[in-house]
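The residues making up each chain are set out below.
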Amino acid sequence: MSVVHSVVSNGSSRGSSRTLYLRLQADIEAAITEGRLKAGSKLPAERQLAEELHISRTTVTSAYRELEAKGLVRGYVGRGTYVCALPEPANVPFAWRGKMSTASLRLSAVQSTSLNRTSVDPAIISFALGCPALECFPVEEYRRIEQSILAKFSTERLGLGALEGQPALRKAIASVHALRAKQVLVVAGSQQGLDLVARTLIDPGDYVIVEKPGYFIALQTFLAGGARLVGWDALRGDIDELEKLILRYHPKFICTTPTFQNPTSRTLSLDQRKDLIRLAVRYRIPLIEDDPYNTLYFDSPPPRSLRELDEHGVVIHLGTFSKILAPGLRVSYILAPENVVDLLALAKERASLFTAGLEQLILAEMLGVGLLSAHLERLRQEHQVRRNAMIDALRRAFPKNILNFTAPMGGLYVWCGLRRDLKAVEINRLAIANGVAFTPGELFYPDGAGVAQMRLCFTGSTVSRIVEGVRRLRVAVDSAIRSPQETSRGQESSEDDSLRVHPAR
Ligand SMILES: Cc1ncc(COP(=O)(O)O)c(C=O)c1O
């Protein structure tokens, strides 16, 4: 009959009633620990086992109780006794990874190594993260405003405020953009904005058109929301190509960064923007304008934003203080039609009840007194100095056949192509060991391309660190060239430019 019966019916369970129950218990315990009795299997009923083994029911009851005390079985009134999963040996950490959803494991190892470590280790010069010149942050003015707000501070302010954002900040942002406050939703970073867009618009299996290459955390966010990504060539910006993609995939939405795009720093012309709006309206496809860099130009301001050109309410615009003040503030905003703001706010409630209240009040005041425009002037100048320093250093350090790039006209990034046999992920590994980091191109593509490309942020490091960082980068590239066996698999994606689409989860 049962495993238990065969385990104990070899006669070992004979003797005095005390030794009998201990033996029975030991036999069953051995069967559990050796895996002959699996977790979840049911032990025979006490009466039944007693009859089969010709022993008293008390003996079986005692053995089962002993096993339960050891955590090996669990008895349920009216349902019987079941084998438990074996306890983990001492000091073995809980295996969390096996519990994680497939979507949450999508972030590649490349991403975590290149970004997390390098952003917190001061010994590493990081060209990896997109950070403005924090040395320009208006510390004094910020402190003054903070103190004046705190002087009037009442404990009420320590509670949660409006989910959609502090009224003062919504009003200040609305007035900059000539909108109503109800069209503004304050969020904790554009990243949260993208997440809310994903939660609100994407049904699993929907196609979403993204730029190729494009901001990689947006790609990950849409994938995690169950989207299938379709790449639109960011540098070509060809509207006919986009229309073909729309007709073929019927996407749920199109996400674009029209100005100083991350990672390429390209800016769409006014005509391209108008064409984008035209297509979006014609095919009734929402346009997500993720636009953190539009005030960070060097010579002339970019064309009007998609939101400004939109007469139909087809655009959801994401703006942020991260790239013009400091990413650590975590205050950004979404501009959208009121009914869209309402739905996004509901999604926000599930993610975070409120966005840092004091920061919001300080930013409202900064906007109100025009502090931000003075700061932007200074920031643009400093960014230009750093752009020049990086371009000069790169030109000096690398011949064109090893590294090519064009000088960006704004934004934060220099987008570089390496010699085709070099692999950016490998070079980044060598570079980090040598004290400098960047973001490998592969991360920015939905289809595994970009192997020999890399993104360097030129704004987040001082000029002297830029010069030193580029020198270290050259050393890393040289050592990759010297050991081609490690990088020889780094051919640019063998595919032609035809589209590949990521599967949904
Ligand atoms: C295009 C784009 N969108 C969104 C973000 C996230 O910005 P935030 O710091 O506001 O979350 C970034 C940051 O690099 C970005 O480049």
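None of the values given here were measured: they were computed from a predicted structure. (Residues numbered from 1 in each chain as written. Predicted model: local features only at pLDDT ≥ 70, side-chain atom pairs only at ≥ 80, totals over all residues. Heavy atoms only, no water.)

## Considerations on the nonpolar core
At step 1: Within the largest apolar cluster, 37 residues are counted, with the highest numbers of intra-cluster contacts made by Leu169, Ile173, Phe321, Leu325, Leu363 and Met366.
At step 2: Those elements giving two or more residues to this core turn out to be helix H6 (139-151), helix H7 (167-176), strand S4 (184-187), strand S10 (332-335), helix H14 (357-368) and helix H15 (371-397).
At step 3: Counting 33 residues, the second largest nonpolar core, distinct from the first, contains Ile125, Phe298, Ile402 and Leu456. (Core = buried A, V, L, I, M, F, W, Y, C linked by side-chain atoms within 4.5 Å. Buried < 20%, exposed > 50% of the residue type's maximum accessible area, 1.4 Å probe, protein only. Helix = DSSP H or I, 4+ residues; strand = E, 2+ residues; numbered from the N terminus.)

## Thoughts on the sheet that holds strand S12 (residues 413-418)
At step 1: In space, the four strands of this open sheet follow the order S11-S12-S15-S14, with antiparallel pairing throughout. Both edges of this open sheet fall to strand S11 (403-405) and strand S14 (439-440), since each of them pairs with a single strand only.
At step 2: Looking at chain direction, S11 and S12 are connected through three bridges and run antiparallel. Pairing of Leu403 across the sheet is with Leu418, part of S12. (Pairing = 2+ DSSP bridges.)

## Comments concerning the sheet that holds S10
At step 1: Taking strand neighbours across the sheet as the criterion, the seven strands line up as S4-S10-S9-S8-S7-S5-S6 in an open arrangement whose pairing is mixed. Of all strands in the sheet, those bounded by a partner on one side alone are S4 and strand S6 (228-233). With strand direction ignored, the average angle separating the axes of adjacent strands in the sheet is 20 degrees.
At step 2: Summarising the sheet, strand S8 (residues 287-290) and strand S9 (residues 315-320) pair through four bridges and their orientation is parallel. Looking across to S9, one finds that Ile288 is bridged to Ile316. (Axes fitted to C-alpha atoms, helices over the stretch in contact; angles between N-to-C directions.)

## A short note on the site of the ligand
At step 1: With respect to spatial proximity, 15 residues lie near the ligand, and among them Asn262, Asp290, Tyr293, Thr320 and Ser322 are the closest.
At step 2: Arg330 places a polar side-chain atom, nitrogen or oxygen, 2.8 Å from an oxygen atom of the ligand.
At step 3: For the ligand, whose free accessible area comes to 400 Å², the fraction covered by protein is 94%.
At step 4: Partitioned by chemical class, the residues of the shell around the ligand number four nonpolar, eight polar and three charged. (Near = heavy atom within 4 Å. Polar contact = N/O pair within 3.5 Å; in protein donor to acceptor, adjacent residues only side chain to side chain. Areas by Shrake-Rupley, 256 points an atom, 1.4 Å probe, with all protein chains shown as cover. Nonpolar A, V, L, I, M, F, W, Y, C, P; charged D, E, K, R; others polar.)

## So, the environment of Leu179
At step 1: Residue position: Leu179 is located in the loop between H7 and S4.
At step 2: Sequence separation of Leu179 and Leu335 is 156 residues, and the distance between their C-alpha atoms is 8.5 Å.
At step 3: In contact with Leu179, not counting residues within four places along its chain, are Ala174, Arg307 and Leu335. (Contact = heavy atoms within 4.5 Å.)

## Overview of the packing of aromatic side chains
At step 1: Overall, the coordinates contain 10 aromatic pairs when judged by the stated rule.
At step 2: Ring geometry for Tyr215 versus Phe216: centroids 6.0 Å apart, planes at 55 degrees, classification tilted.
At step 3: A ring pair is formed by Phe216 and Phe444, whose centres lie 5.1 Å apart and whose planes are at 85 degrees; its orientation type is edge-to-face. Of the two residues, Phe216 is situated in helix H9 (residues 216-224) and Phe444 in the loop between S14 and strand S15 (453-457); the sequence distance between them amounts to 228 residues. Accessibility classification places Phe216 together with Phe444 in one group, the buried group.
At step 4: In this structure, Arg79 is placed above the aromatic ring of Tyr76, and the distance from its NZ or CZ to the ring centre is 4.4 Å.
At step 5: Residue placement shows Arg380 over the ring face of Tyr297; its charged tip is 4.3 Å from the ring centre. (Phe/Tyr/Trp six-rings, centres within 6.5 Å; stacked < 30°, edge-to-face > 60°. Lys NZ or Arg CZ within 6 Å of the ring centre and 35° of its normal.)

## A closer look at the pairing of S10
At step 1: Taking every second residue as pointing to the same face, both faces of S10 are buried, with Ser332 and Ile334 on one and Tyr333 and Leu335 on the other.
At step 2: Looking at chain direction, S4 and S10 are connected through four bridges and run antiparallel. Of the residues in S10, the one forming a bridge with Val187 is Ser332.
At step 3: As defined by bridge partners, S9 adjoins S10 across four bridges and the pair is classed as antiparallel. Each residue of the ladder has a partner; that of Gly319, found in S10, is Tyr333.

## So, the pairing of strand S5 (residues 207-212)
At step 1: For S5, a buried count of five out of six residues is recorded, marking the element as mostly surrounded by other parts of the structure.
At step 2: Pairing geometry for S5 and S6, over six bridges, is parallel. If you follow Tyr207 over to S6, its bridge partner there is Arg228.
At step 3: In this region the chain leaves S5, passes through H9 and returns to the parallel neighbour S6; the handedness of that crossover is right-handed. (Right-handed = clockwise from strand over helix to strand, strands pointing away.)

## Concerning helix H16 (residues 424-433)
At step 1: Of all 10 residues in H16, seven are buried, a share of seventy percent or more.
At step 2: All of the buried residues along H16 are Ala424, Glu426, Ile427, Asn428, Leu430, Ala431 and Ile432.
At step 3: The positive-phi residue at the C-terminal boundary of H16 is Gly435, with phi of around 90 degrees.

## Things to note about the pattern of salt bridges
At step 1: Per the counting criterion, the structure on display carries 23 salt bridges.
At step 2: A salt bridge links Glu338 to Arg180, with the shortest nitrogen-to-oxygen separation between them at 3.0 Å. Taken together, the residues span a long stretch of sequence, with Glu338 in helix H13 (residues 338-351) and Arg180 in the loop between H7 and S4 at a distance of 158 residues.
At step 3: The class of Glu338 is partly exposed, set by a relative accessible area of 28%.
At step 4: Taking the shortest distance from any N to any O, the salt bridge between Asp203 and Lys252 comes out at 3.4 Å. With Asp203 in the loop between helix H8 (190-201) and S5 and Lys252 in the loop between helix H10 (239-249) and strand S7 (253-256), this pair connects stretches of sequence that are 49 residues apart.
At step 5: On the basis of relative accessible area, Asp203 is assigned to the partly exposed category, the value being 46%.
At step 6: You can call Lys252 partly exposed: its relative accessible area is 26%.
At step 7: One connected set of salt bridges, linked through shared partners, spans Glu135, Glu382 and Arg386. (Salt bridge = Lys/Arg side-chain N within 4 Å of Asp/Glu carboxyl O.)

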